[in-house]
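Tertiary structure, described
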Amino acid sequence: MTESVLRGVMPQTATGLRDLLTAWLPQGFAKGVQPIASTVITTDDKGLVAGEVKLTTRDGPVPAYRALPDRNGKFPVILVVQEIFGVHEHIKDVCRRLAKLGYFAIAVELYHRQGDVTQYTDNQEIFAKVVNHVPDSQVMSDLDAAVIYAEATGKADTSRLGITGFCWGGRITWTYCVHNPKVKAAVAWYGRLVAPEKAALQPAYPVELAAHVKVPVLGLYGGQDASIPLEHVEKMRAALKAANNTTSEIVVYPEAPHAFYADYRPNYRKDAAEDGWKKMQAWFKQHGVA
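Residues numbered from 1 in each chain as written. Predicted model: local features only at pLDDT ≥ 70, side-chain atom pairs only at ≥ 80, totals over all residues. Heavy atoms only, no water.

Observations concerning the overall build of the protein
- If you tally the helices and strands in the protein, you get eight helices and eight strands.
- The globule rule puts the C-alpha radius of gyration for 290 residues at 19 Å, and the 17 Å found for the protein is close to it.
- On the principal axes, the C-alpha backbone points of the protein span a range of 45 × 45 × 40 Å.
- The burial tally for the protein puts 56% of its 290 residues in the buried class.
- Of the roughly 12,200 Å² that the protein leaves accessible, carbon and sulfur atoms contribute 52%.
- Of the charged side chains in the protein, 32 are positive and 30 negative; the average position of the first set lies 4 Å away from that of the second. (Helix = DSSP H or I, 4+ residues; strand = E, 2+ residues; numbered from the N terminus. Rg over C-alpha atoms; globule rule 2.2 N^0.38 Å. Buried < 20%, exposed > 50% of the residue type's maximum accessible area, 1.4 Å probe, protein only. Areas by Shrake-Rupley, 256 points an atom, 1.4 Å probe, with all protein chains shown as cover. Lys, Arg positive; Asp, Glu negative; His and termini not counted. Charge placed at Lys NZ, Arg CZ, Asp CG, Glu CD.)

Okay, structure coming up:
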């Protein structure tokens, strides 16, 4: 792995943050995923502290959504990384689900500087106008900022740090584990493993980073995922094996499509989603994020 490929992935020095209320995050679901499927899951905030906060980063404020138990103590931290649709209602709900399990869950709006993807109705437009313009270096820095923010609240135990991400966030999950080896464990849900094309702002994909992954990562993929063919999954398995990585694992659900955990979309597959959620909980517990 050359220095040029790793640039933007390796750690940067973080700056101080302030905790401010914000109203910058979108409300409800992204336009691009409507109408919402009848299988949508809604998690209330009873017994939680949940809502929007503002992170002050080195180049300005960035909104985030966080949820944690409303009781005394310090809680293990889970970074929740968005799909291409940003921090819309589904990602907020995932944070509340994790908080109900005893976690301090936080999702940063990682496209904040580039635009509001929740207003677009076409996925190709989302990529062309926003996602393709988001540097990995920016994403790594913003996730670092979320960890520092959580620590500063006095309610988080960042020595028990985990990360999970979906779709676009699945790739970021693998990448952040290389950037921040202090992560205890990670779960990547159907994130791309092989670059569709070379891009300067996203210099490395998981197959290229496999030799540098020291964090235990559980990858969850669908056997019917047209955007992530099984050939790519096998490439990743081979890359991890070549790197003597025995702590990471990849699980494939043969009949599941892409986004099988997204209960608000037709792609949702209840059995695979529920099994993946159980496996995620067990993975975090096994590796000290509990």
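Quick look at the pairing of strand β4 (residues 104-108)
- Within β4, five of the five residues are buried, leaving the element largely enclosed by the surrounding structure.
- Sheet topology note: the strand β2 (residues 60-69)/β4 ladder contains four bridges and is antiparallel. Considered in β4, the bridge of A64 is made with V108.
- As defined by bridge partners, strand β3 (residues 75-81) adjoins β4 across three bridges and the pair is classed as parallel. (Pairing = 2+ DSSP bridges.)

With respect to the sheet that holds β2
- A sheet is described by the order of its strands in space; here eight strands give the open sequence β1-β2-β4-β3-β5-β6-β7-β8, paired in mixed fashion. Edge positions in the sheet fall to β1 (48-57) and β8 (249-253), since each has one partner strand and no second. Across the sheet, the mean angle separating the axes of adjacent strands is 20° when strand polarity is ignored.
- The pairing of strand β5 (residues 156-166) with strand β6 (residues 185-189) spans five bridges and is classified as parallel. For F166, the partnering residue across the bridge sits in β6 and is W189.
- In the packing of helix α2 (residues 89-100) onto the sheet, contacts are made with β1, β2, β3, β4 and β5, and the angle to β2 comes to roughly 40°.
- Helix α7 (residues 230-242) contacts β7 (217-222) and β8 of the sheet and is inclined by roughly 160° relative to β8. (Axes fitted to C-alpha atoms, helices over the stretch in contact; angles between N-to-C directions. Contact = heavy atoms within 4.5 Å.)

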